[in-house]
Amino acid sequence: MAQAAGKLSLSEKISYGFGDLASNFVWGMTTSYLLYFYTNVYGLAATAIGTLFLITRILDAVIDPVIGVMIDKTSSRFGKARPFILFLTIPFAIFSVLTFITPDWSEGGKLIYAYLTYLILGILYSGVNLPYGALMPMMTKDPEEKNQLSSFRIMGMAIGAIAVSALTNPLVKWIGGGNDRLGFPVTMGIFTVVAVVMFYVVFLKCKERFSESAEKTKEFNTLTSAKHMFGNQPWVMIALNSLFMFLRIGVVFGVLVYFVQYVLGQPEMIPLYLTLANVANFAGGALAPFVLRKLGKRNGSILALTGAVLLYGLLFFLESSPPFLYLVIFFIANIGIGINSPANFSMLADTVDYHEWKFGHRSEGMLYSAYSFATKFGIAVGGSVVAYALGFAGYDPDAVTPQATDMIRVLFYLGPILLTILQIGCLVLYKLDKEHKQIVQDLDLRTSSVKA
């Protein structure tokens, strides 16, 4: 049965992890620095950026189901998902650099440029990253292999984010020589060269073994698949879990730079905090296969997230403690969050098997596109909440008031605690962990019967 489910080589697993490593050289910088770049370098108002983030990400997210349908309808010599990685990686790299270029236009012209470049970047990100995510259940049905692929994916994501966190500020200052308008786009250009190479490694090394035949692809019906998707209860819970997870990411990484600078009063520590958050994510990803094998994806995630909630609550009382202690607790809290991330990807892949078992077709593209919609909506709203809250509190980078500082503190503590609790609630309602092994066995028997 394990053979049928699809065992993978170590090199293929590592290559799969390169996809999120590549994504985070671009998206990690966008998530961590774009709000700061727009307000402090490009000179746009925080409230205007809040609206920009909300509108562009929602429009971008609406495109995701279209891309999902395109994946499900694709049948080529490269497969269903891999052609998108092959053809859209270069345009994605180009617009990642354009997003960090600052034309010296009027206020309205600057805002229009920001809208266009950020919107197109988000669409191209979907065009590459959504097929990359949908590739996992096409590579294997084996639950343990999916756990390991998810772990490599999270470790790749974390390494990319660590590199961005550690290198961005020094590179921007070194390249720009004090001119951040030059430093940011050139730094992004360096990151995108690395990302392009890694995406092509994914294309070359990761193979589709379980995608549907050309005949079934032609039978794909968008409306029926959409109806079935919302009848897939495990998928609904994982999509909601992902929504709250990425809401938290949008809030935490949107506010972290401001929190370290204005609440902790340690601006020189910003790269360290960003790096530690991502090192913790890497550590959580590395620990995840062992934790999840022992406790299961659902229960292991619930336990890890509960620990993270308690530690974030503890941080509130440690602001005046020695900086090292605060950093250690912050680091451990994010390890717990990091353990859940690969479990989330693996559980999402399991819902594709459940979908095939219940409805007779896999619909990887549709399921991953709607999941991607949830994650993008989460980041959009999370980032916008930070921007709107800063604007509401009267944030001015040249004169930060106590009201703005208090708002930053509320966002940093209350945001992740409430959103992580909502994640735990979704996971409590996810019931597929115990059933998945039998579902894969049933699918293998169906395949054997058809072949016979």
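Residues numbered from 1 in each chain as written. Predicted model: local features only at pLDDT ≥ 70, side-chain atom pairs only at ≥ 80, totals over all residues. Heavy atoms only, no water.

Caption draft 1: Expanded view of the overall build of the protein. Along the backbone of the protein there are 16 helices and zero strands. Whereas a compact globule of 452 residues would reach a radius of gyration of roughly 22 Å, the protein reaches 21 Å, a difference of no more than 12%. Expressed along its principal axes, the backbone C-alpha trace of the protein runs to roughly 75 × 45 × 35 Å. A buried classification covers 60% of the 452 residues belonging to the protein. If you take every contact in the protein between residues at least 6 apart in sequence, the share linking residues at least 24 apart comes to 84%. Of the roughly 17100 Å² of accessible surface on the protein, a fraction of 71% belongs to carbon and sulfur atoms. Taking the average place of the 33 positive charges on the side chains of the protein and the average place of its 28 negative ones, the gap between the two points comes to 7 Å. (Helix = DSSP H or I, 4+ residues; strand = E, 2+ residues; numbered from the N terminus. Rg over C-alpha atoms; globule rule 2.2 N^0.38 Å. Buried < 20%, exposed > 50% of the residue type's maximum accessible area, 1.4 Å probe, protein only. Contact = heavy atoms within 4.5 Å. Areas by Shrake-Rupley, 256 points an atom, 1.4 Å probe, with all protein chains shown as cover. Lys, Arg positive; Asp, Glu negative; His and termini not counted. Charge placed at Lys NZ, Arg CZ, Asp CG, Glu CD.)

Caption draft 2: Layout of helix H11 (residues 270-295). With 26 residues, H11 extends 35 Å between its outermost C-alpha atoms, agreeing within 8% with the 38 Å of an ideal straight helix rising 1.5 Å per residue. Along H11, the sharpest change in direction is near 45° and occurs at Ala288; proline Pro289 comes one to four residues later. Positioned one or two residues after H11, Gly296 has a phi angle of 95°, which is positive. (Expected span 1.5 Å × (residues − 1). Bend = angle between axes of the 7 residues up to and from the residue.)

Caption draft 3: Highlighting the nonpolar core. Among the nonpolar cores identified, the biggest contains 134 residues, and Tyr38, Phe259, Tyr273, Tyr312, Tyr326, Tyr368 and Phe412 are the most heavily contacted of them. By residue number, the principal contributor to this core is helix H10 (residues 233-263), which donates 20 residues. Excluding anything up to four places from it in sequence, Tyr326 contacts Phe259, Leu264, Tyr273, Leu315, Leu318, Glu319, Ser321, Phe412 and Tyr413. (Core = buried A, V, L, I, M, F, W, Y, C linked by side-chain atoms within 4.5 Å.)

Caption draft 4: Highlighting the environment of Ser150. Positionally, Ser150 belongs in helix H6 (residues 143-176). Spatially, the C-alpha atoms of Ser150 and Asn344 are 8.3 Å apart, while their sequence positions differ by 194 residues. With residues near it in sequence (within four places) discarded, Ser150 still touches Met136, Pro342, Phe345 and Ser346.

Caption draft 5: Representation of the packing of aromatic side chains within the structure. For the structure shown, the criterion picks out 27 aromatic pairs. Ring centres 6.0 Å apart and planes at 50° place the aromatic pair Phe37 and Tyr38 in the tilted group. A single burial state applies to Phe37 and to Tyr38, both of which are buried. On the basis of an interplanar angle of 85° and a centroid distance of 5.6 Å, the ring pair of Trp105 and Tyr113 is categorised as edge-to-face. Since its relative accessible area comes to 48%, Trp105 is described here as partly exposed. Here Arg82 stacks its cationic end above the ring of Phe203, 4.4 Å away from the centre of that ring. It is Arg153 that lies over the ring of Phe345; its NZ or CZ is 3.8 Å from the centre. (Phe/Tyr/Trp six-rings, centres within 6.5 Å; stacked < 30°, edge-to-face > 60°. Lys NZ or Arg CZ within 6 Å of the ring centre and 35° of its normal.)

Caption draft 6: A look at the pattern of salt bridges. The tally for this structure, following the rule as stated, stands at 11 salt bridges. Note that Lys13 and Glu145 form a salt bridge whose closest N and O atoms lie 3.4 Å from each other. Taken together, the residues span a long stretch of sequence, with Lys13 in helix H2 (residues 10-41) and Glu145 in helix H6 at a distance of 132 residues. Comparing Lys13 with Glu145 shows no difference in burial state: the two are buried. Between Asp180 and Lys173 there is a salt bridge, with the nearest N and O atoms lying 3.2 Å from each other. Of the residues examined, Asp180 reaches a relative accessible area of 16% and is grouped as buried. Taken together, the shared-partner salt bridges in this structure form one network comprising Lys146, Lys297, Asp350 and Asp353. (Salt bridge = Lys/Arg side-chain N within 4 Å of Asp/Glu carboxyl O.)

Caption draft 7: Broad picture of the environment of Ala286. Tracing the chain through its elements places Ala286 in helix H11. Residues Ala286 and Ser151 lie 135 residues apart in sequence; the distance between their C-alpha atoms is 6.3 Å. Residue contacts for Ala286: discarding those within four places in its chain leaves Ser151 and Met155.

Caption draft 8: Summary view of a nonpolar patch on the surface. A cluster of nonpolar side chains, namely Val410, Leu414, Leu418 and Ile421, defines an oily patch on the protein surface of about 340 Å² accessible area. Note on placement: Ile421 falls in helix H15 (residues 402-428). (Patch = residues over 30% accessible without salt bridge, like charges linked within 9 Å, V, L, I, M, F, W, Y side chains within 5 Å.)

Caption draft 9: Region of the structure containing the environment of Gly391. Locating Gly391 in the fold gives a position in helix H14 (residues 364-392). With a relative accessible area of 27%, Gly391 lands in the partly exposed category. Placed 345 residues apart in sequence, Gly391 and Ala46 show a C-alpha to C-alpha distance of 5.6 Å. Not counting chain neighbours up to four residues away, the residues in contact with Gly391 comprise Ala46 and Thr47.

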